[in-house]
Structure formats: C-alpha cells, structure tokens
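Spelled out from the first residue to the last, the chains are:
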Amino acid sequence: FAETSDTANTPESLLNFPGGPQQVPPDLRAALVDILSNSALRGAKVSFMAQMVDTGQVLASYNPDKIINPASNVKLITAAAALRILKPEYRYRTRYYAWGPIIDGVLKGHLVVKGFGDPTVVTERLKKVASGLANMGIKKITGQVIVDDSFFDGDREASGWETEEAPERAYAAPVGALSLNYNSVRLLLRPDGLGKPALMQVEPPVEYVTVEGTVNTNRWGRRLHIVTRAGPDTTLMQVSGSIRPRSKPLRIARRIYDPGLYFGSALTSFLKIHGVEMRHDVVRGVLPSGARLLYVDRSPTLGEVINTLNKYSNNFMAETLIKTIGADQSGAPGTFENGLSAVRYFLENEIGYEPDSYIFGNGSGLNHVNKFSAHH
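Conventions adopted
- Residues numbered from 1 in each chain as written.
- Predicted model: local features only at pLDDT ≥ 70, side-chain atom pairs only at ≥ 80, totals over all residues.
- Heavy atoms only, no water.
- Pairing = 2+ DSSP bridges.
- Helix = DSSP H or I, 4+ residues; strand = E, 2+ residues; numbered from the N terminus.
- Axes fitted to C-alpha atoms, helices over the stretch in contact; angles between N-to-C directions.
- Salt bridge = Lys/Arg side-chain N within 4 Å of Asp/Glu carboxyl O.
- Buried < 20%, exposed > 50% of the residue type's maximum accessible area, 1.4 Å probe, protein only.

Further remarks concern the sheet that holds strand β17 (residues 250-255). One open sheet accounts for 3 strands, arranged β12-β11-β17; its pairing is antiparallel. The outermost strands of the open sheet, each flanked by one partner alone, are β12 (199-203) and β17. For this sheet, the mean inter-axis angle between neighbouring strands, taken without regard to orientation, is 25 degrees. For strand β11 (residues 184-190) and β12, the ladder comprises 5 bridges, and the chain directions are antiparallel. The residue bridging Arg 186 from the neighbouring strand is Glu 203, located in β12.

Taken as a whole, this structure holds 14 salt bridges when the rule is applied. Between Asp 258 and Arg 284 there is a salt bridge, with the nearest N and O atoms lying 2.4 Å from each other. Taken together, the residues span a long stretch of sequence, with Asp 258 in the loop between β17 and α4 (259-273) and Arg 284 in strand β18 (residues 282-284) at a distance of 26 residues. A relative accessible area of 16% places Asp 258 in the buried class. One salt bridge connects Arg 344 with Glu 337, and the closest N-O pair in it is separated by 3.1 Å. Owing to a relative accessible area of 45%, Glu 337 belongs among the partly exposed residues under this scheme. What you see here is one network of salt bridges that share partners, running through Asp 149, Arg 156, Asp 258 and Arg 284.

For sheets, the rule is that strands pair by backbone hydrogen bonds, running either parallel or antiparallel. Read from one edge to the other, the open sheet built from 5 strands follows the order β18-β10-β8-β5-β19, with strand pairing classed as mixed. This sheet does not close on itself; its edge strands, each paired only once, are β18 and β19 (292-301). Mean inter-strand twist for the sheet, computed between neighbouring axes without regard to direction, equals 20 degrees. Across 5 bridges, strand β5 (residues 91-99) lies against strand β8 (residues 110-114) in antiparallel orientation. Counted as the bridge partner of Tyr 97 is Val 112 from β8.

Interpretation in functional terms is not warranted from these geometric data alone.
Next up, the structure:
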C-alpha cells in the first residue's frame, strides 16, 4: 500500500526481516530494497508485508501495521468476505414473468423482470434472454415491461463516491438490482465526409439514452466534449467538438443513471429485434403475486464473478457485492450499510481484526473512506 503524504523520503533502514535476511530469497530482498529506494516513493506513506502462503511465515515487512488508504486493494477484502458469506458456488438469478394470459402467442398483459443484483449481465446475455422468450412462442406483448429492482434499496452510490472528480465516467457507475453492461453505455463516433457531422450511435441501441449535439468532421483534430447527466426517465449525453476525417471509430464509455429503466429499455429493443411486437413502455414496479414465471437467467458462479471483479478492478461489481451481502444477511432490500456491517463482523469475528484498527467505508476502495494496513 502507498499513499501520498508530507513526510520525508521512505528510509530503507526500516525494512524488517523477522526471520533474518538469510531467510529471504535474494531476488525478493533485492527487489524490496530497490522499491524502497525508488524516488517515486519520496513523500509517500508505505506499508507492506511479504508472507508465505503455506506456512504463514513473514519474510519481510515495512510499517506492516500502519493504516493508510489501500485504494482498490479493498476489493480483496470485499471478495474474501463474499466468498465466505455467500460461498463460491453462489449464483445470481434474474427472473422473467408474464402478468396476464398468453393466448395464441400474445401476452395480453405485462412482462415483469425481477432482479436480484446480478452484476454480470451484458448485451450478449440479454440478447439470449430475448431470444429465449421469443422462442417460447411470444409474438406480441400488449402491456408494459415492468422492472422490479426492489431487492436493493434506492441508494445508488457508495460512500466516498460523492467526492469523485469524474462522476460521469463508467468506473463510477451506479448500483442496481437490475443492471446491464456494468451500468455503462458506449457512444460510437465515426467520421463522415469533410465538413459533415460525425456519425453517432449508442451501444447497445436503447431509447433510454438520449444524445444531443453534433461532432463535426474537420482537419483540426480531435476535440471532444461530452457531458452526461440524468434527465426525466433518461440518461442525457450532450456532445460537441470535432474529429479528423480519417480517425478510427471511437467508443466512449459513460455511466447511466437509472439501471432499471436502462435494463428494461435494452430488453425491449432486443425483443423487437427477435420479432416480438410491442411498444417501448418501461416502468418501475413490484412483482405482482399473480405473475407466472417464464424464464430464469443465471449468472456464473461467485468464484468466476470475483475473478472478473479483481482482474479488472471493477468498482461497480464490488459495491454490488456489498449490497448482495447485505440482502443475504439482513434481508431485502440490500443496503450498503447492512453489507458493510456484515463484512466488518466477518473481519472481526472470523479473521481477528481489532474493531478500532481499521476503517471500512466502501467495498471498491474508490476515494478516501477506507484505512487498512498491509498486516490486515
């Protein structure tokens, strides 16, 4: 772990070898000395500990109990707690219901989607669901698409996210019980003829996202300005600037603001592509008692989910896990606070953390609400 501070350069002399330097492989010892001597750490707080996994022997350490902001290393703690509490074989489920009779291929009523927090649904998965529903013989839906994301509460952003300097970027996407593409959308920009507006396309193609403005094609180079904000039942992308005539197509990712409506809008688009006649009418609601289950979409196992979470350091997935743990331990709706409390209980009662020795403020490590040591 390392974070900036006003202290002097990190003194190499504080490097500790509990079993003696002779117990540390020479290449590891040399690497650690080299790192601590690096001028890049001047003015930084540093905490690390190198430990043998099989025996628990500590080979080397430096300020191992100093608590600092570990940033995305917090995801290791979130992942460990999720594996322990939810178990590696845990799978998310998204359920699709018919609320009304299906007669001669016509659903005379509403399609209801009940989400349970799956953070892994992407365009390809949702297209497969749409294909599966169409292959059941559903040719027309007369009613609405009702999205039920009540498994989580309505608090979309974890503690600390309010201080984010680039809140519209995809890495700061909101959490929802129904989510798609990590709750981000891509704007595809392709140059056209000189002096003409660039071609713009939203991926996936959803009515929920509204694009305003133009990007011109000219010789003066790329100058893009994109502002994304929440509008009434939409995510509004306002674009301006320019792009060169021979520029390669650009894909620019931005967060969306209402995960449930985004999910329902994309589902509607994909159902239409598969020949289902329906209008674009997506509303938020609660699963009615008389609805009939049509289809269940299952996520990969939690073990696979966590591989993706940690390989790409996905903030959205980490915070979704916190709410999932909260719902599992305290009942729906899952909340950030219930999830964080459950993880703290795990850390203190199963791992052995002292209650006042750390600060756990969110599951992703984004911004300055966490404090841990390398020993933790």
